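Next come the chains, spelled out residue by residue.
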Amino acid sequence: MSQTSQSYDDSNIFAKIIQGDIPCHKVYEDDMTVAFMDIMPQAKGHVLIVPKQQAVDLSQLEPEYASAVLMTAQKVMQAQRQVLSREGIVQMQLNGSEAGQTVFHYHVHLIPSSIHELGRHGSSQADQEELATLAAQFKEAIDTAR
Ligand code: AMP
C-alpha cells in the first residue's frame with residue numbers, strides 16, 4: 001500500500017495546538033508551519049515541526065508544505081545547535097502506527113541526540129519551566145538569524 005488508508009481526524013492533539021485550543025511551548029510559527037517543544041522529549045531540546053495542512057502522514061503531504069516544513073526545520077536546527085552547543089541533530093518522522101506514529105497529523109522530530117543514543121519514545125513529561133526556557137532561547141536564536 002503506497003497511501004495511508006487512514007482519514008484525517010481533525011480532533012487530534014496537533015490540530016488543536018495549530019488552532020490554539022491547547023497550549024504548547026512555541027519555538028516558531030509562519031503561515032504554513034508551527035514548531036514547538038515535544039512535551040515528552042527523547043532528549044533535551046526535542047522540537048516538533050508541524051505543517052498547517054491536514055495530512056495524516058507523508059503520503060498525504062502536499063509538496064509546498066513539505067518544502068515549508070524543511071525550511072522551518074533548518075531554522076530550528078540552527079537554533080538547537082547554537083543554544084545547546086551540540087552538532088548532532090536527529091531528524092525523525094514516523095508513518096503509521098506500525099512505525100510507532102502516535103499522533104496522526106504529519107510531523108518531523110528534531111532531536112539533539114545521536115542514533116546510538118536514541119531509544120523509544122520519551123515516557124515522562126519534561127519540566128514545564130525548562131521547556132519554556134528552551135523555547136524562548138530557540139525563538140530568540142531564530143529571530144536573531146533572520
Ligand atoms: P510520533 O510518535 O512520531 O507520532 O510523535 C508524537 C510526539 O508528540 C511524541 O514525541 C510526543 O511526546 C509528542 N506529543 C504528544 N502530545 C504533545 C503535546 N501536547 N505537546 C507536545 N508534544 C506532544
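For the structure, check the block above.
Residues numbered from 1 in each chain as written. Predicted model: local features only at pLDDT ≥ 70, side-chain atom pairs only at ≥ 80, totals over all residues. Heavy atoms only, no water.

**Student:** Requested: an account of the packing of helix H2 (residues 63-84) against helix H3 (residues 128-145), with residues and values cited.
**Tutor:** Interaxial distance between H2 and H3 falls to 8 Å at its minimum, and their mutual angle equals 115°. Viewed along their axes, H2 and H3 adopt a mutual orientation that is roughly perpendicular. Handedness of the H2/H3 crossing: right-handed. Of the residues in H3, those in contact with Lys75, Val76, Ala79, Gln80, Gln82, Val83 and Leu84 of H2 are Leu134, Gln137, Phe138, Ala141 and Ile142. Taken together, the residues of the contact of H2 with H3 sort by class into eight nonpolar, three polar and one charged. (Axes fitted to C-alpha atoms, helices over the stretch in contact; angles between N-to-C directions. Helix = DSSP H or I, 4+ residues; strand = E, 2+ residues; numbered from the N terminus. Parallel < 35°, antiparallel > 145°, perpendicular 65-115°, else oblique. Left-handed = near helix turned anticlockwise from the far one by under 90°. Contact = heavy atoms within 4.5 Å. Nonpolar A, V, L, I, M, F, W, Y, C, P; charged D, E, K, R; others polar.)

**Student:** Explain the layout of surface pockets residue by residue, including any values.
**Tutor:** Unoccupied space between atoms shows up once a probe the size of one water molecule is rolled over them. As a volume, the largest pocket reaches approximately 480 Å³. Of all the elements in the fold, those that place two or more residues in the lining of the largest pocket are helix H1 (13-18), strand E2 (33-37) and H3. For the lining of the largest pocket, the leading source of residues is H1, giving three residues. In terms of residue class, the lining of the largest pocket is made up of 14 nonpolar, ten polar and one charged. (1 Å grid on protein atoms, 1.4 Å probe; cavity = no way out; pocket = protein on both sides within 12 Å on 5 of 7 lines; lining within 4 Å. Points joined across faces, edges and corners; volume = space filled by probe spheres on them.)

**Student:** So what about H3? Which residues, and what values?
**Tutor:** In a regular helix each residue adds 1.5 Å, so 18 residues correspond to 26 Å; H3 covers 26 Å between its end C-alpha atoms and thus fits that length. Residues Leu131, Leu134, Ala135, Phe138, Ala141 and Ile142 constitute the buried set of H3. Viewed along the axis of H3, the buried residues span an arc of 130°, placing them on a single side of the element. Seen from the open side of H3, the exposed residues pointing more than 90 degrees away from its buried face are Glu129, Glu140 and Thr144. Each element contacted by the buried residues of H3 is listed here: strand E1 (26-29), E2, strand E3 (47-51) and H2. (Expected span 1.5 Å × (residues − 1). Buried < 20%, exposed > 50% of the residue type's maximum accessible area, 1.4 Å probe, protein only. Arc of directions from axis to C-beta.)

Structural measurements only, silent on function.
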